[in-house]
Amino acid sequence: MIDDPLVKTLLTNVVEDESNLPIVEALNDGLDTDEAISEKTGIKLNIVRKFLYKLYDMGLASYKRSKDPETQWFTYSWKFEKEEVINRIKKDSEQYLKMLNDELEREENNMFFVCPQGHVRLDFDDASDYEFLCPVCMEELEFQDNAETIKQIKEDLKMVESNFDSFNKKNK
Ligand SMILES: [Zn+2]
């Protein structure tokens, strides 16, 4: 599951560095205490704990606390919340796709004008409000061909859609 590019990206963001991903892999494999995970992965106990709590804060892991009847110490038994990871990726991907589609629509349905000094980028209506002069430096705005921008957004959309499709097929 963690090999999926979307899952990997999400979890790498949580654990801050790819080298800490084995913590999540060990948890996903059913290791349920911080000590066992630390031992298996060779990652320091305090680092393991830090990211277990971070996963917990994000709702991507949960724990049960129990008291050892002999030592009276508490032990924590951790669990990876796969369903939450899946839900989160679905939600994030849908939001991202919507954002890209909105952006594409805006680029395709507008003309853009830019300040040669890079101060502003305005659509036709805003640019004509300023009489096609930069509101910062008063230089004349230049028409900007946005074909490259449109091409880039379409490529991004294609990639996000393809990653999301393959994710959905694996996680119905
Ligand atoms: Zn300017």
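Residues numbered from 1 in each chain as written. Predicted model: local features only at pLDDT ≥ 70, side-chain atom pairs only at ≥ 80, totals over all residues.

Side note on the pairing of strand β1 (residues 61-67)
Here's step 1: Relative to strand β2 (residues 74-80), β1 runs antiparallel, the two sharing 7 bridges. If you follow Lys 67 over to β2, its bridge partner there is Phe 74.
Here's step 2: Two successive antiparallel strands, β1 and β2, enclose a turn made up of 6 residues, where Gln 72 displays a positive phi of approximately 65°. (Pairing = 2+ DSSP bridges. Helix = DSSP H or I, 4+ residues; strand = E, 2+ residues; numbered from the N terminus.)

A short note on helix α4 (residues 45-57)
Here's step 1: In this model α4 runs 18 Å from its N-terminal to its C-terminal C-alpha over 13 residues, within 8% of the 18 Å that 1.5 Å per residue would give.
Here's step 2: Those residues of α4 hidden inside the fold are in contact with α1 (5-15), α2 (21-28), α3 (34-41), β1 and β2. (Expected span 1.5 Å × (residues − 1). Contact = placed C-beta atoms within 7 Å.)

As for the environment of Thr 41
Here's step 1: Within the secondary structure, Thr 41 sits in helix α3.
Here's step 2: Excluding its chain neighbours within four sequence positions, the residues that come into contact with Thr 41 are Pro 22, Ile 23 and Ala 26.

Details of the sheet that holds strand β3 (residues 112-114)
Here's step 1: On the basis of which strands lie adjacent, the open sheet formed by 3 strands has the order β4-β3-β5 and antiparallel pairing. Looking at strand neighbours, the two that pair on one side only are β4 (121-123) and β5 (142-144), the edges of this open sheet. Averaged over neighbouring strand pairs, the angle between their axes works out to 40° when direction is ignored.
Here's step 2: Judged from the 3 bridges that link them, β3 and β5 form a sheet pairing that is antiparallel. Paired with Val 114 across the bridge in β5 is Glu 142. (Axes fitted to C-alpha atoms, helices over the stretch in contact; angles between N-to-C directions.)

Quick notes on the domain arrangement of the protein chain
Here's step 1: The domains assigned to the protein chain are domain 1 (5-80) and domain 2 (85-170).
Here's step 2: Domain 1 and domain 2 are separated by 39 Å when their C-alpha centres are compared.
Here's step 3: In this complex, domain 1 contributes 5 residues to the contact, which on the side of domain 2 involves 6 residues.
Here's step 4: Classifying every residue of the side of domain 1 that touches domain 2 gives 5 nonpolar, no polar and no charged. (Domains from an automatic or database assignment. Nonpolar A, V, L, I, M, F, W, Y, C, P; charged D, E, K, R; others polar.)

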